[in-house]
Amino acid sequence: MEGAKVIAKDLGFFLTHSSTKSNDGEKYPRIYLHCHRGYKNNTYVPDPDKKGRSNTKSLKDGCRFRVRLVGLPEEKTWMIDGVKDNHNPGQFCGFHNHALELYPEGHTQRNAFTNEELKDMKEMEWARVAPRKMMQTINQNYGTHHNKRQFYNMTANIRIERLSGMTPSDWTLHHAREMGYYIGYKRDDDRHLTHLFLAHP
């Protein structure tokens, strides 16, 4: 599936996992992928009496391009195949109804962090490097175009992961106890830490 997504990105569009079918009586498992601009919800009808901007958040325009990956257990591999178009008998969902991406850098799939970038970000977050400086370093070293919001969001996720889901104050108390420190603290009615005293053993 990841290989199909890589090919699609190189061609100027993006594939999204639609569904997986493997236990419906058929011999081979199947994974369906569709264009990221497909499956537009056409049930919403705007009120003509209400003025305002139209909803432009979604890029979906009903593109019917779809492919499926068919598992071949005997060969231990997968085969990519077309999907028949139910609206046009005898044809396949093999055409887009939109132009391919001219500037794909802004798309989440194209602009996602790689494992190498995440490794560097975790090291910089541990060293308390600010997200804006992180952005400059990563984009310069890897030739990418990640934006500032991506770095702030990912830095917050890395911090939560490092703290094992605890708040910074709870994490401090937990590790201080593990290291044998003497701890004295007070909390307010909302359980916010207001006073903290630590003494080395």
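A brief look at the structure comes next. Everything numeric in this text was worked out from a predicted model, so none of it was measured. Per chain, the residues get numbers from 1 upward, laid out in the order the sequence is written. Local features are withheld for residues below a pLDDT of 70 in this predicted model, meaning they are given only at 70 or higher, and side-chain atom pairs are given and counted only at 80 or more; totals for whole chains, interfaces and linings count all residues. Side-chain measures were taken over the full set of non-hydrogen atoms in the model, leaving aside hydrogen atoms and water.

### Concerning helix H2 (residues 115–126)
Right, so step 1: Look at H2: 17 Å from first C-alpha to last across twelve residues, which is about the 16 Å you get at 1.5 Å a residue.
Right, so step 2: Every buried residue of H2 is listed here: Glu117, Met121, Met124 and Glu125. Taken around the axis of H2, the buried residues stretch over an arc of 100 degrees, which confines them to a single face. Among the exposed residues of H2, those oriented more than 90 degrees off its buried face are Asn115, Lys119 and Trp126.
Right, so step 3: We call two residues contacting when some pair of their heavy atoms lies within 4.5 Å. Working definition: helices are DSSP H or I runs of at least four residues, strands are E runs of at least two. Numbering for both runs from the N terminus. Where H2 is buried, its residues contact helix H3 (131–142) and helix H4 (148–162).
Right, so step 4: Just past H2, the residue Arg128 takes up positive phi, approximately 65 degrees. Each residue after the first adds 1.5 Å to the expected span of a helix. A simple rule labels every residue: compare its accessible area, found with a 1.4 Å probe on the protein chains alone, to the largest value its type can have, and call it buried under 20%, exposed over 50%, or partly exposed in between. Comment: arc refers to directions from the helix axis out to C-beta atoms.

### Quick word on the pairing of strand S2 (residues 30–35)
Right, so step 1: For S2, the tally of buried residues reaches six of six residues, placing the bulk of the element in the interior.
Right, so step 2: Paired strands, as defined in this entry, are two strands with at least two bridges between them according to DSSP. Pairing analysis gives five bridges linking S2 to strand S3 (residues 66–72), with the strands arranged antiparallel. From the neighbouring strand, Leu33 faces S3, where its bridge partner is Val67.

### Overview of unusual backbone geometry
Right, so step 1: Even without being a glycine, Arg128 presents a positive backbone phi close to 65 degrees.
Right, so step 2: When you line up the elements, Arg128 lands in the loop between H2 and H3.

### Quick notes on the packing of aromatic side chains
Right, so step 1: Side-chain rings of Phe, Tyr and Trp, where Trp is taken by its six-membered ring, are said to pair if the distance between their centres is within 6.5 Å; with planes under 30 degrees apart they count as stacked, over 60 as edge-to-face, and otherwise as tilted. A full pass over the atoms with the stated rule returns two aromatic pairs.
Right, so step 2: On the basis of an interplanar angle of 75 degrees and a centroid distance of 5.2 Å, the ring pair of Phe113 and Phe151 is categorised as edge-to-face. You can see Phe113 sitting in the loop between strand S4 (77–82) and H2 and its partner Phe151 sitting in helix H4, a full 38 residues away along the chain.
Right, so step 3: With relative accessibility at 0%, the residue Phe151 sits in the buried group.
Right, so step 4: Ring geometry for Tyr182 against Phe197: centres 6.1 Å apart, planes inclined by 70 degrees, an arrangement best described as edge-to-face. Taken together, the positions of Tyr182 in strand S5 (residues 182–187) and Phe197 in strand S6 (residues 193–199) put the pair 15 residues apart, joining distant regions of the chain.

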